[in-house]
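Commentary on secondary and tertiary structure
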Amino acid sequence: MHAQGAVRVTLVGSAVAALLLAAAIPAGAIDDPVAQPPGPVAQVQATNVLLRPADLTGALAIGGVTAPFETGFRIPPGGQDPLPVCVSGPQYTTVQVPAKDAIGYTASSGYVWQSAYQYASAAAAQRAWSQVSADISKSCRSAWHQGSQKVTNTSVRLPSAASSQRGWAVGSTGTQHLYSALQLADDAIVMVSFVPDNAMMTSPAKAPSITASVKSEINALAGVLSQRWLQRSSAPLTQDPAITRAQTALLRPVDLPATLPVTTPQRGGWSDVTADLPGYSPMTCNYRASIPKGTATYTASYGGDGGALLGEPGVAVQFVTTYASTALAQAAWARVRAAVLACNSPNPMTSASMQSANRDASGVSALTFGGVPGVWSRSLTIETDIRLVDKSYSIHLLVGSAIQTVTYVTGRRGGGSVRLDQVAVNGLAQSLATRWVSVHSAA
């Protein structure tokens, strides 16, 4: 995924909570409304026409390297650190595609990223296009210095690909290396970018150059993907079936009981559903644990508003890591179980300098799935200097050839006790695991 900016996470005792909040929650204003998260059908239609590894040929192909692939959506688009159109000046002054009221569908493979900013209507997309076009014309034809390094931005018009509006090609050289092509496509702005400084790909290898061939192929690919977007409701379903099944089975806002409230979109509640192939290791409270990575990791997250108290009123997240076989999942589960059960700090860890205290606990759950007991962990963090209290609770289950984690985070400003309904989290985890098995057994 695109690198997320650092955030202040008060749940220092829970690695799971810290990771999910860093990935899903930005710094922002409370009560700044955002778009409603799309349902499973809309998600499938959108990601089915987004960038795929097979689209990368010629100068965009990565010979001999298996590039990570991610697809899904984030609201607001880009999460905490959206990819800029250009960096137009020092102190990271940027031009961005307007994110207000938009759903941010994204896909990335290798050094190529696609962002589809979907608005409520074609008229809204046209207004956003007019804004970003004016910003590009004004600020993405510039040169400035970062220390001794000169940064140069260039922008040119492209032929229209999916509307009557001409597109844009924007490039940056110097400390910022980036090349993007943008097109207006009905209710969306489609941006396709070549990002040679992608840390997931370039370390320790040398970053590739943005050649004339790269620019030409990015321009062409943006046109193809813009046309694809126009056909998303009627396009044959050709994306990886595992992604479609996951989008059908993962956590939705309607699944959340009243006892597990999350920040609503009307109050600026963020959300995302993503698929990462290959997958990463299951997240646990024990960040030092070595756990095998999966074939894919699917994430669904709802809540959080970017305020100082990250868990108010709540954040709910489901992680599912799949493995190539039940045996491999069972071997990974043994590592997960041991890692979680090592998370016990019966005496609170305190910091006089930060005026904070943290307490962790874990255990074997009474909840079983497929005859295997789950394991749980919870964390309480109190920061007396700024009067914040946060709680998190996670339940991990072995679900056939997958490992599922459901985490709920809540808290309050002003101190006092915080209630977290662990029984409700367990019930949610059980129903999600049952749906996961049902969707996959029907395939």
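So, here is what we can say about the structure in this document. (Residues numbered from 1 in each chain as written. Predicted model: local features only at pLDDT ≥ 70, side-chain atom pairs only at ≥ 80, totals over all residues. Heavy atoms only, no water.)

**Some thoughts on the overall build of the protein chain**
Threshold: Numbered from the N terminus, helices here are DSSP runs of H or I no shorter than four residues, and strands are runs of E no shorter than two. In this analysis, two residues are considered to be in contact whenever any of their non-hydrogen atoms come within 4.5 Å of each other. Surface exposure here means Shrake-Rupley accessible area, sampled with a 1.4 Å probe, where a residue is shielded only by the protein chains that are shown.
A tally of helices and strands in the protein chain yields eight helices and 18 strands. At a minimum sequence separation of 6, the contacts of the protein chain that also span at least 24 residues come to 67%. As displayed, the protein chain has an accessible area near 18,200 Å², and 56% of this comes from carbon and sulfur atoms.

**As for the nonpolar core**
Basically, it comes down to this: What we call a nonpolar core is a set of buried Ala, Val, Leu, Ile, Met, Phe, Trp, Tyr and Cys residues that are connected through their side-chain atoms within 4.5 Å. When a residue's accessible area, from a 1.4 Å probe over protein chains only, is under 20% of the maximum for its type it is buried; when over 50% it is exposed; and in between it is partly exposed.
Formed by 73 residues in total, the largest nonpolar core has its most connected members in Val112, Ile218, Trp229, Tyr298, Ile395 and Trp436. In terms of residues, this core owes the most to one element, helix α8 (residues 422-441), which gives eight residues. Once residues lying within four places of it in the same chain are set aside, the contact partners of isoleucine 395 are Ser365, Leu367, Gly374, Val375, Trp376, Gln404, Thr405, Val406, Val425, Asn426 and Ala429. In this structure, Cys86, Val132, Leu182 and Leu184 belong to the second largest nonpolar core, which totals 24 residues.

**As for the packing of aromatic side chains**
Counted only if it meets this: Working definition: a ring pair exists when centres of Phe, Tyr or Trp rings (six-membered ring for Trp) sit within 6.5 Å. Plane angles under 30 degrees give stacked, over 60 give edge-to-face, the rest tilted.
On inspection of all chains with the given rule, the structure shows five aromatic pairs. Between phenylalanine 73 and tyrosine 105 the ring centres are 6.3 Å apart and the planes differ by 65°, which places this aromatic pair in the edge-to-face class. Residue phenylalanine 73 is located in strand β1 (residues 69-75), and its partner tyrosine 105 is located in strand β4 (residues 103-109); the two are separated by 32 residues in the primary sequence. Of the two residues, phenylalanine 73 and tyrosine 105, both sit in the buried class. Taken together through their ring pairs, the aromatic side chains of Phe73, Tyr105 and Trp229 make up a single cluster.

**Concerning the pairing of strand β5 (residues 112-118)**
Heads up, the rule is: The rule for pairing is simple: two strands pair if DSSP sees at least two bridges between them.
With seven of seven residues buried, β5 is to be regarded as a mostly interior element. Both faces of β5 are covered, namely the face carrying Val112, Gln114, Ala116 and Gln118 and the face carrying Trp113, Ser115 and Tyr117. Relative to β5, β4 is paired through seven bridges, and the arrangement is antiparallel. The residue of β5 that forms the bridge with isoleucine 103 is glutamine 118. Between β4 and β5, which pair antiparallel and follow one another directly, the connecting turn spans two residues, one of which, glycine 110, has a positive phi of 65°. Pairing of β5 with strand β10 (residues 188-194), which is carried by seven bridges, proceeds in the antiparallel orientation. Residue pairing in the sheet places glutamine 118 in a bridge with alanine 188 of β10.

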